[in-house]
Amino acid sequence: MSKSVTKTKLAQELMFVIGMWLLSRLVIVVVMQLIAPLLPADLMQRHNPTAAAQGWQSFAHWDGQKYRSIVTSGYEFVNDGKQYNVAFFPFFPLVTRVVMTLGLPFEVAGTLVNNLAFLLALLITYLWVKERHSIAAARWTTAVLAWCPFSVFGTVTYTEGLFLLLSTASLRAFDKGQYVWASVCGAMATATRANGVALIPTFLIVAWRERRGAIAYVAAITVGTGLLLYCIYCAIKFGDPLVFIQAQKGWQAKTGFNLSVWWDLFTQDLLGRKGLSTIFVALTKIVMVFGGGYLLWHLRTQLSRLVVVYGFCSLALIFYSGAILSVDRFSYGIVSLSIALGTLL
């Protein structure tokens, strides 16, 4: 194949990914800016008192408000059971703060960081799946990531886009034996979200099963550098290296491994006749976690060991954490599930 043909083909693939990203983001923006403000005020008030805001403010609600407080005022925590921003990891607000030095307000800077990171995450995922499987699988995986309803968190001031970028880049680098990049990207992933620690057992298991050299084990361990640095910061500032775990109780009373939260999800939310919206939310969580796990197992012979192990390690971490409130969103952040569904399609 000539170089000109190769370049043309690469350009077409690049445009496909950009097109998927751009069209899906346009739909989200239209819904947020044009449709949401038309919804009944009482409905919006029940779910989010500020959800109908327009302009850049509409991109920085819920967790976005906590990230804004980190960027503008720093970390805070008091052990009184209330919600404090120390529960949110530092890398996303740090990058956002750097972009703000260009003179941009938080809402604009945070939105740009997450959207551009999400675009790069789509590109890296596309290339990785294409290398491992086929162009068709790569395109379907890109479509799954871009058009999944939870991809809205790749547009607002949340960490989904950045975490997907860093975790996927780390996985692809490890898969290709680029251990320095795997370690660096993995460390930034663990500084972005606690779920990034799933990379550590993933790399250790794969290194053992595939009989990789000692450097692979070193890369696996150093992935935890981001989390370690945040623990050191918390120890110095608050006297507790794991204070961010304590802060999680402000969002949900039950944290850590607790089967009762999952039992309640099945018996009370899904089967308890609490209304269609409650049933739909419960069903979504169940499908994302247990359906995702089944899909990984069903396709375990078609997917790479790295993808399968990372998927199960991430799901196990979510299941153990008891973070039932955001379990569907966190499951979306596991790139293995999108790769599995894209391969199936």
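This text follows the structure it describes.
Predicted model only: the values in this text are computed from it and were never measured. (Residues numbered from 1 in each chain as written. Predicted model: local features only at pLDDT ≥ 70, side-chain atom pairs only at ≥ 80, totals over all residues. Heavy atoms only, no water.)

Caption draft 1: Molecular detail of the overall build of the protein. Along the backbone of the protein there are 17 helices and zero strands. A compact globule built from 345 residues should have a C-alpha radius of gyration of about 20 Å, and the protein, at 20 Å, falls within 12% of that. Counting only C-alpha atoms and orienting by the principal axes, one finds that the protein spans roughly 60 × 50 × 45 Å. With 345 residues in all, the protein has 49% of them scored as buried. Within the protein, residue pairs in contact and separated by at least 24 positions form 70% of the contacts whose partners lie at least 6 positions apart. (Helix = DSSP H or I, 4+ residues; strand = E, 2+ residues; numbered from the N terminus. Rg over C-alpha atoms; globule rule 2.2 N^0.38 Å. Buried < 20%, exposed > 50% of the residue type's maximum accessible area, 1.4 Å probe, protein only. Contact = heavy atoms within 4.5 Å.)

Caption draft 2: Structural context of helix H7 (residues 160–175). An ideal rise of 1.5 Å per residue puts 22 Å on 16 residues; H7 measures up with 22 Å between its terminal C-alpha atoms. Judged by how many residues are buried, H7 sits mostly within the fold: 16 of 16 residues are covered. After H7 finishes, the residue Gly177 shows a positive phi value of roughly 75 degrees. (Expected span 1.5 Å × (residues − 1).)

Caption draft 3: Quick look at the pattern of salt bridges. All chains considered together, the criterion is met by ten salt bridges. A salt bridge links Glu13 to Lys130, with the nearest nitrogen and oxygen atoms 2.9 Å apart. Of this pair, Glu13 sits in helix H1 (residues 3–35) while Lys130 sits in helix H5 (residues 106–132), placing them 117 residues apart in sequence. By relative accessible area, Glu13 is classed as buried at 5%. With a relative accessible area of 26%, Lys130 lands in the partly exposed category. Of the charged contacts, one joins Arg68 and Glu107 as a salt bridge, the two residues approaching to 2.6 Å between their closest N and O atoms. Placement of the pair is Arg68 in helix H3 (residues 63–73) and Glu107 in helix H5, with a sequence separation of 39 residues. Counted as one network, the salt bridges with shared partners bring together Asp63, Glu160, Arg193 and Arg329. (Salt bridge = Lys/Arg side-chain N within 4 Å of Asp/Glu carboxyl O.)

Caption draft 4: Summary view of the nonpolar core. Counting residues in hydrophobic clusters, the biggest one holds 102 residues, and the most contacted among them are Val86, Leu171, Phe174, Phe203, Leu303, Tyr310 and Tyr332. If one sorts the elements of this core by residue count, H5 sits on top with 13 residues. When near neighbours in sequence (up to four residues on either side) are disregarded, Phe174 contacts Tyr179, Ala182, Phe203, Val206, Ala207, Arg212, Ala216 and Leu306. (Core = buried A, V, L, I, M, F, W, Y, C linked by side-chain atoms within 4.5 Å.)

Caption draft 5: Representation of empty space enclosed by the protein. Under the criterion given, the structure shown has one cavity of 30 Å³ or more. If you add up the space inside the largest cavity, you get close to 40 Å³. If you trace the largest cavity, you find it lined by Phe163, Arg193, Asn195, Tyr310, Ser314, Leu317, Ile318, Phe330 and Ile334. No other element matches helix H15 (residues 305–321), which puts four residues into the lining of the largest cavity. For the lining of the largest cavity, the class distribution of residues is six nonpolar, two polar and one charged. (1 Å grid on protein atoms, 1.4 Å probe; cavity = no way out; pocket = protein on both sides within 12 Å on 5 of 7 lines; lining within 4 Å. Points joined across faces, edges and corners; volume = space filled by probe spheres on them. Nonpolar A, V, L, I, M, F, W, Y, C, P; charged D, E, K, R; others polar.)

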